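Take a look at the letters that make up each chain.
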Amino acid sequence: MPNIGNSPVRHSLKAVVNISSSGDNTIITGVSGKRIKISTLFFIVEGDVSITLYNGATAISGPMSFGGTNEPKGIISNYGDAPLKITKGNSFVVNLSAAVQVSGQVCYSLE
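Not measured: the values here are computed from a predicted model.

Participant: Sorry if this is basic, but what is going on with the nonpolar core here?
Facilitator: Buried together is how nonpolar side chains tend to be arranged in soluble globular proteins. Within the largest apolar cluster, 23 residues are counted, with the highest numbers of intra-cluster contacts made by Ile27, Ile51, Phe92 and Val106. Put simply, the parts of the chain that give this core at least two residues each are strand 3 (13–19), strand 4 (23–28), strand 5 (36–45), strand 6 (49–55), strand 10 (84–86), strand 11 (92–96) and strand 12 (102–110). Residues in contact with Ile27, not counting those within four places in the same chain, are Ala15, Val16, Val17, Ile19, Phe92, Val94 and Val106.

Participant: Just to check I follow, could you spell out the pattern of salt bridges for this structure?
Facilitator: Oppositely charged side chains can form a pair if their charged atoms are brought close together. Scanning the entire structure with this criterion turns up 2 salt bridges. The network of salt bridges with common partners includes Arg35, Lys37 and Glu111.

Participant: How should I be thinking about unusual backbone geometry in this particular structure?
Facilitator: Peptide bonds are mostly trans, and most non-glycine residues show a negative phi. In this structure, Asn70 is a non-glycine residue whose phi angle is positive, near 60°. Within the secondary structure, Asn70 is located in the loop between strand 8 (64–66) and strand 9 (74–78).

Participant: Please clarify how the pairing of strand 12 should be interpreted in this entry.
Facilitator: One face of the sheet, then the other: side chains in a regular strand alternate in exactly this way. Here strand 3 pairs with strand 12 via 7 bridges, running antiparallel. Paired with Val16 across the two strands is Gln105, which belongs to strand 12. With 9 bridges joining them, strand 5 and strand 12 adopt antiparallel strand pairing. Directly across from Lys37, in strand 12, lies its bridge partner Ser109.

Calculation rules
- Residues numbered from 1 in each chain as written.
- Predicted model: local features only at pLDDT ≥ 70, side-chain atom pairs only at ≥ 80, totals over all residues.
- Heavy atoms only, no water.
- Core = buried A, V, L, I, M, F, W, Y, C linked by side-chain atoms within 4.5 Å.
- Buried < 20%, exposed > 50% of the residue type's maximum accessible area, 1.4 Å probe, protein only.
- Helix = DSSP H or I, 4+ residues; strand = E, 2+ residues; numbered from the N terminus.
- Contact = heavy atoms within 4.5 Å.
- Salt bridge = Lys/Arg side-chain N within 4 Å of Asp/Glu carboxyl O.
- Pairing = 2+ DSSP bridges.

This is the structure we're talking about:
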């Protein structure tokens, strides 16, 4: 991978977050032999919902509450030089506790 200064140049891919079904929602489908490395995640919610992030079938976050009274309406998470890594072949999945519209984007690379 070429370097510019001290930063490696990474090929950045983007996945749209446009989900509204309760339960598991695949955001990035796993690729055999490849690891998904998420650099940025952002989304907004249209109502009260708990969101849990998954590495395939394994939770990588606890349930996070959004959209209710005194709760945030979204999140911007920049993982920078320490990307959120999904196990080779696994999908990045977002679980919604309720049928609420969630919209945003995930920036990632495959390794």
